[in-house]
Amino acid sequence: MKVRIETERLLLRNLVPEDCEAAFKWCGDPKVNTFMIYTLYHNAEDVRTWIESQNQDDLDNCDVGFVLKSSGELIGSGGLYYKPDRDVWTIGYNLRADMWGHGYTAEAIQALIEYVNSIRPIKVIEGEFAVENHNSQRVMEKLGMVYDRDAEYEKMDGSVRFPAKVFRREFHTGKEKDGI
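Residues numbered from 1 in each chain as written. Predicted model: local features only at pLDDT ≥ 70, side-chain atom pairs only at ≥ 80, totals over all residues. Heavy atoms only, no water.

Undergrad: With reference to specific residues and values, describe the overall build of the protein chain.
TA: Summing up its helical and strand segments, the protein chain has 5 helices and 8 strands in all. For the protein chain, the succession of helices and strands along the chain, N to C, is β-β-α-α-α-β-β-β-α-β-α-β-β. The globule rule puts the C-alpha radius of gyration for 180 residues at 16 Å, and the 16 Å found for the protein chain is close to it. Dimensions of the protein chain along its principal axes, counting C-alpha atoms only, are 45 × 35 × 30 Å. When each of the 180 residues of the protein chain is scored for burial, the buried share is 49%. In the protein chain, the share of contacts with a sequence separation of at least 24, taken over all contacts with a separation of at least 6, comes to 62%. In the structure as shown, the protein chain presents an accessible area of about 9,200 Å², 49% of it carried by carbon and sulfur atoms. Of the side-chain charges in the protein chain, 23 are positive and 31 negative, and the distance between the mean point of each set is 4 Å. (Helix = DSSP H or I, 4+ residues; strand = E, 2+ residues; numbered from the N terminus. Rg over C-alpha atoms; globule rule 2.2 N^0.38 Å. Buried < 20%, exposed > 50% of the residue type's maximum accessible area, 1.4 Å probe, protein only. Contact = heavy atoms within 4.5 Å. Areas by Shrake-Rupley, 256 points an atom, 1.4 Å probe, with all protein chains shown as cover. Lys, Arg positive; Asp, Glu negative; His and termini not counted. Charge placed at Lys NZ, Arg CZ, Asp CG, Glu CD.)

What follows is the structure in structure tokens.
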């Protein structure tokens with residue numbers, strides 16, 4: 001999905017191959033990667049390959065970069081991803097470690113929820129995070145999501161399995177009922 005959204009502090013836009021060096025700052029950071037499903041990136045060219053693989057015409061995937069308006073720095077990425085078999089949108093995100101704790105992720109994902117919901121009514125959003133990842137739990141709580149069930153997931157290469165929680169938010173009539 002092609003996107004350009006402004007929030008109070010962020011510009012949300014599609015990633016482009018030239019973003020590979022900036023994105024490598026979080027994709028190649030072991031601290032950021034600890035609970036991520038993907039394995040650690042070892043160079044910016046691998047990040048470029050990932051960015052080039054994104055289909056910006058896919059209306060079931062709204063994946064964007066988070067750019068600080070104050071500096072123009074790309075500080076993270078994330079999005080909403082539709083799962084038609086369950087009629088659910090899932091959320092995902094990454095942020096440079098030095099940007100944690102400032103509310104950027106919740107601000108970005110909330111704006112994406114509002115944007116997608118204006119185009120395609122959202123019934124449910126879900127997010128899954130490792131039980132030990134308290135920062136992701138806090139992001140989901142800020143988004144109005146609540147505990148739904150226990151789960152588990154593993155890295156794509158099968159190297160680590162994480163006990164997890166799934167948080168969920170239902171939208172009445174597919175439109176935002178209560179503000180966040």
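Undergrad: An account of the sheet that holds strand β1 (residues 4–6) is needed here, citing residue identities and associated values.
TA: Hydrogen bonds between backbone atoms are what pair the strands of a sheet, whose relative direction is either parallel or antiparallel. In spatial order, the strands read β1-β2-β3-β4-β5-β6-β8-β7; together these 8 strands make up an open sheet with mixed pairing. Of all strands in the sheet, those bounded by a partner on one side alone are β1 and β7 (146–154). Sheet twist, expressed as the mean angle between neighbouring strand axes with direction ignored, is 25°. Along the sheet, helix α1 (residues 20–27) contacts β4 (74–83) and β5 (88–95); its crossing angle with β4, the most-contacted strand, is approximately 80°. (Pairing = 2+ DSSP bridges. Axes fitted to C-alpha atoms, helices over the stretch in contact; angles between N-to-C directions.)

Undergrad: Just give me the short version of helix α5 (residues 134–142), but keep the residues and values in it.
TA: Within the span of α5, buried status applies to S136, Q137, V139 and M140. Considered in projection along α5, the buried side chains sweep an arc of 160° and stay on one side of the axis. One or two positions beyond α5, positive phi appears at G144, with a value near 80°. (Arc of directions from axis to C-beta.)

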